[in-house]
There are 2 protein chains.
Amino acid sequence: MIIIKEKEYEPKYIQIYQYFKHQITTGKLVAASRLPSTRSLADSMGVSRNTVEAAYQQLCTEGYLTSKAGSGYVVLPFDVSLYNDSALEKEEMVFEEENSNTDDDKRIQFDFMYENMNLDDFPMRAWKKALNEILNSSNVDCFSSYNDRNGEREFRVEIMKYLYFSRGVRCKPEQIVLTSGTISSLSLLCQLFMSEYDSVAVEEPCYNSARAAFKNHKMQIKPIPIEEDGICVSLLKESKAKLLYTTPSHQFPTGKVMGVNKRLHLIQWAEEKDAYLIEDDYDSELRYNSKPIPSMQSLDYKGRVIYINTFSKAFVPSLRMSFMVLPQSLLKRYHKKFSKYNCTVSWIEQKAMQAFMQNGDWSRHLRKICTANKKKHDMLLNVIHQCMKDKIVIHGSHAGLHILLEIKNGMKEKELIRSAEAVGVQVYPVSVHWANPQNYNDNMVLIGYSSLSEEEIKEGIHLLRSAWFDFKVE
Amino acid sequence: MIIIKEKEYEPKYIQIYQYFKHQITTGKLVAASRLPSTRSLADSMGVSRNTVEAAYQQLCTEGYLTSKAGSGYVVLPFDVSLYNDSALEKEEMVFEEENSNTDDDKRIQFDFMYENMNLDDFPMRAWKKALNEILNSSNVDCFSSYNDRNGEREFRVEIMKYLYFSRGVRCKPEQIVLTSGTISSLSLLCQLFMSEYDSVAVEEPCYNSARAAFKNHKMQIKPIPIEEDGICVSLLKESKAKLLYTTPSHQFPTGKVMGVNKRLHLIQWAEEKDAYLIEDDYDSELRYNSKPIPSMQSLDYKGRVIYINTFSKAFVPSLRMSFMVLPQSLLKRYHKKFSKYNCTVSWIEQKAMQAFMQNGDWSRHLRKICTANKKKHDMLLNVIHQCMKDKIVIHGSHAGLHILLEIKNGMKEKELIRSAEAVGVQVYPVSVHWANPQNYNDNMVLIGYSSLSEEEIKEGIHLLRSAWFDFKVE
C-alpha cells in the first residue's frame, strides 16, 4: 500500500517512484510483473494520472520498468543480489568539519617556506580593479565559452612582449600556451614526447615536483650531476636521453648559473641528437647583484628550447597561471596532439592579467618585488653572517627567493630540521631534491624568505642560531 | 674602443657589458685574454670603478669571464661557431596583432554549438559579489600561497553536500579533488593507473576529447558498443580492460541512459576484476521530463566508481573548474603519487564558488538554467517537428544541452554540415566521436542549443530545413 505523506519537500510522484523502486530492489516485485494501470492507481490513491505517469516514467528511464504497448508497465529483470540497499543506507554522511590542523602547525612561529609570497608585496588594489573591469566590460561574452585553447591571444601578445624585453625570449603569440602550473606544463610535454622518448635527463639535484611529474608519466629519470657552471654535458651525452629538464638561470635548488658556453653546447647537442631542452625559468626576474641572466631560449636559433615559466613566483601562486613557449618546429605536433584539449586557466584572470600588463602595473610590480626581496635577501645574509659567522656557508645567494644554508656543526639534515622545529622555526630539506640522496653531503637546509617580514627573518635566524650552535634558547 | 652613449634607457654598465660580450661572441677577444683592470678602464672612460665592476660581474655570472686572484678578469673559452648572432638578430619580433578570424567565421549566423553557455543565464551580479567579497575579506592571506593541493577543504565540504543531495553521491571531503577541467581529471587518472593498466575501455561512440586524453597517455583504446540500456557488458568483459570510462546518466553523444541493472553488473564486474569505473556525470542536472538519474556512484558500495564532474556545463566553462570523487580505496595511492602536485584551480574562484553554494545562489542558479534550457529544448523539438515532420528522427532528447538529429534526405554527415554552412548555420559532426567511424550510419548531426536564444533557434532550424529539404533559401 502506498501512503502519500503530505511532505512539502517530497512531491507525490517521487513518493510513488520510491515505493515501487523499493519493491523492485527488495525482490517483492519480480521481473515481468505488471504494474497497476495509471488510471486505476491514480483513482485509488486520489492523485492525478499525470502524477502516476511521472513516477512510472522515472522508473522506466532508470531501467526498473519498461512500457509495452497493450500491456502497460512491466517490471524488468533486476538482480537483487547485486544491490545492497542496507549497506548503502548504513554508510552515514558526515557533514561536520573535521579539524585538519595538527598541533604541530601551531608550534611553528617562523616558517622559512620557499613557495609562498608575502601578501604585502601584492598589488591587491590594482588587481581587484583589473578583475572588476573585466567583469563589467561589455566584451564578457567569452565568459560563457571555452575560448582559445592556448589562452587568450591578446594576453599571449602581452606575454610575448614581456618575455622579449625582460628575458630575451623571441617568439610569436602562437608559440605560447597557457597552463595552470609548471606541473601542468610538464604533463603536457610528457604527453607530447612519451610516444617517442621513454626517459628524461634532469639535473642532480633537481626540483622534486618536476621529477615526480616525469615519473608519473612513466618517464625514466636520468639524473646528471651539476658542476660549477651547470649540468655535466659529457654525462648527459652518455645518458642517451633526448629530453633535458633544466633550470639554467637559477638552478634549483643550488642557485648556480649555467655559463653561456655550456648553454650553446647544450643547444648544439640537442640539434645533433634531435633532442629538446626544457628550460624552466621560474624565478629569473629576481637577481639582486646583477641584471637577470638572458634565457637559454634567447641563444637558440635551432628551435630546440622549450621555455617554461610561471606567475607563481613573481606574482602569486594561488592564481595557478603558467605558460610554455614552444619552438616553431613543435607547433604542428603540439596542435595535432592537443586539438581536443581546452585551456586550463580561468578566462577572467587571463584578461585581468592582460590588462595588468598593458597598463604598466606588471612592470611596476616586478620592480617592487625585486626591491622588496633584495632587501630581505640582503638582511637575511647579514643576520646569518653576524649570527653564525664562519660556521656556515651560504649557497645560491643573490637571486630568487631561497638560499641553501650549509651548517658546520656536525648535524645532518634531519637533526638540523628537528632542532629548528624545537625552537619554533621551520626550515626545509634539500635531500628531497636529489634522485640519489646518498650522493649528497647531508648538511644543508633550504631557506625561503619571501613570505616573512624583515623582523620575522631576523627573529627566525636568531632562533636558528640558538638551535644549531648554542643548544639553548637565548 | 667603447663609446658610452648617453641613452637614458641603457645604463653605462650595460653598454660596457654589451661591448665585451660582442667582442667575445665574435671571436675578437679570445680565451685567456686579460681584460683591462677596473681601475684603468674606469679612468680611461671617465666612469666609476663600480660601473666597470658591475659590467665585469655580469659577464662572469653569464659565463663569459672569470676572475682570478692576482690576474684580474680573464676571458673564458667560447665556441664562436655555436653562436649565431646574426641569425638571432635577423629574426625580427612581430608585435602587430594578426587577424586570426577567417572569413568563414563571419558567414555563420546561427551556431548550434554544443559547448558554450548563454550569458543571459549566468548570475553575473551574484558572481561578482561573491568574488569581491573574497577579495575584500580579511582571510585573503591564502591568496599569496599554494594552499591545499586537493582544493580548499571548506569548498570541498560544499561540493560534498551538493553531490549528496542532488546526485546521491556519498563521499567525504578528502575524497574530492579539484581540477581545471575534465581532461585534467582524466590526465591525473591516467597517471594514477598507467603503471598498472595499459588500456581503457570506452563507449562507442564516446566523447572524443576523453578518448584523446587517454591516447595521449599511451593508453590503448578499447571501444565497446552502446546498446539501448548502455554499454555492452559481455563485450566489455571480452576486452580484458580494467578501466572503463562511461557517461551512464546521459551517454555522450547518444543521450542514452544506462539502466540500473547494468550499472550494478558493471560494479560487480569491477569488483571481480579489480577494475575501476570512471563515471563522467557531466550534465546530469539537466533532465527535462523526469528527475535526474541517480549517479552510478550512489549504487557503489564496493569502492569501484571514480565519479567526475565539471562546473562547465551547469555554470560556465571559462572558469575551468571540475572535480573528481575518488573511492576510499584509491586515496592512499592517489596521495602518494601526487604529493608534489599543486591544485590547478584559482583560489579566489574556489572561495567565490564556495560562498555561492553556501548562500543558496548555486541551487537557485541550477533551477534557473534547468527551466531556461527546458524551454529552449522543448521549443527546438517543436520547431524541428513542425519544419521537418517525419523526415527526421531526434535522438537523446529531454536532457542535457544537445540532441542528435538524424536526417532522412539521403545526405551524409559532411554534406549535411556543408549545406547548413551554406545557409549560415553551423551544426556539428557526430562521426568524430566514434573510434571506428565506419561502424556508424553517417546521417546525423549534433545540435547544441544552450548558447542561442529561442528566436535564434527558431530561425536557425528554418534555415536548416531550407538547406536540407527545400534546397533553396526561403
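Predicted, not measured: the structure shown is a model, and the values here were computed from it. (Residues numbered from 1 in each chain as written. Chains lettered and ligands numbered in written order. Predicted model: local features only at pLDDT ≥ 70, side-chain atom pairs only at ≥ 80, totals over all residues. Heavy atoms only, no water.)

A. Main features of unusual backbone geometry. Residues and elements named next belong to chain A. Note that the residue after Glu204, namely Pro205, is joined by a cis bond; omega there is 0 degrees. Tracing the chain through its elements places Pro205 in the loop between strand S5 (199-204) and helix H9 (208-216). A cis amide bond links Phe252 to the next residue, Pro253, at an omega of 5 degrees. With phi around 65 degrees, Lys240 is a residue other than glycine that occupies positive phi space. Here Lys240 is to be found in the loop between helix H10 (233-239) and strand S8 (243-246). Residue classification places Lys240 among the exposed positions, given a relative accessible area of 68%. (Helix = DSSP H or I, 4+ residues; strand = E, 2+ residues; numbered from the N terminus. Buried < 20%, exposed > 50% of the residue type's maximum accessible area, 1.4 Å probe, protein only.)

B. View of the interface of chain B and chain A. Contact with chain B, which involves 107 residues of that partner, is made by 108 residues of chain A. Interface of chain B and chain A: buried area, both sides summed, is about 9,300 Å²; carbon and sulfur atoms make up 60% of it. Counted by class, the side of chain B that touches chain A contains 51 nonpolar, 32 polar and 24 charged residues. (Contact = heavy atoms within 4.5 Å. Buried area = accessible area lost by both parts, 1.4 Å probe. Nonpolar A, V, L, I, M, F, W, Y, C, P; charged D, E, K, R; others polar.)

C. Local environment of empty space enclosed by the protein. Going through the model one piece at a time under the given rule, you end up with 10 cavities of 30 Å³ or more. Estimated volume of the largest cavity: approximately 650 Å³. Ser180, Gly181, Ile183 and Ser184 of chain A together with Thr344 of chain B are, among the 49 residues lining the largest cavity, the residues nearest its centre. Where the lining of the largest cavity is concerned, the elements lending two or more residues are strand S4 (176-179) and helix H8 (182-193) of chain A together with strand S4 (176-179) and helix H8 (182-193) of chain B. The element contributing the most residues to the lining of the largest cavity is H8 of chain A, with six residues. (1 Å grid on protein atoms, 1.4 Å probe; cavity = no way out; pocket = protein on both sides within 12 Å on 5 of 7 lines; lining within 4 Å. Points joined across faces, edges and corners; volume = space filled by probe spheres on them.)

D. Broad picture of the packing of aromatic side chains. What the rule picks out here adds up to 50 aromatic pairs over all chains. Considering the side-chain rings of Tyr207 of chain B and Phe252 of chain B, the 5.4 Å spacing of their centres and the 75 degrees angle between planes classify their relative orientation as edge-to-face. Separated by 45 residues along the polypeptide, Tyr207 of chain B in the loop between strand S5 (199-204) and helix H9 (208-216) and Phe252 of chain B in the loop between strand S8 (243-246) and helix H11 (260-273) bring together distant segments of the chain. A single burial state applies to Tyr207 of chain B and to Phe252 of chain B, both of which are buried. Cluster of aromatic residues (ring-pair linked, three or more members): Phe122, Trp127, Phe155, Tyr162, Phe311, Phe315, Phe323, Phe356 and Trp362 of chain A together with Phe143 of chain B. Over the face of the ring belonging to Tyr276 of chain A we find Arg304 of chain A, whose NZ or CZ atom lies 4.6 Å from the ring centre. (Phe/Tyr/Trp six-rings, centres within 6.5 Å; stacked < 30°, edge-to-face > 60°. Lys NZ or Arg CZ within 6 Å of the ring centre and 35° of its normal.)

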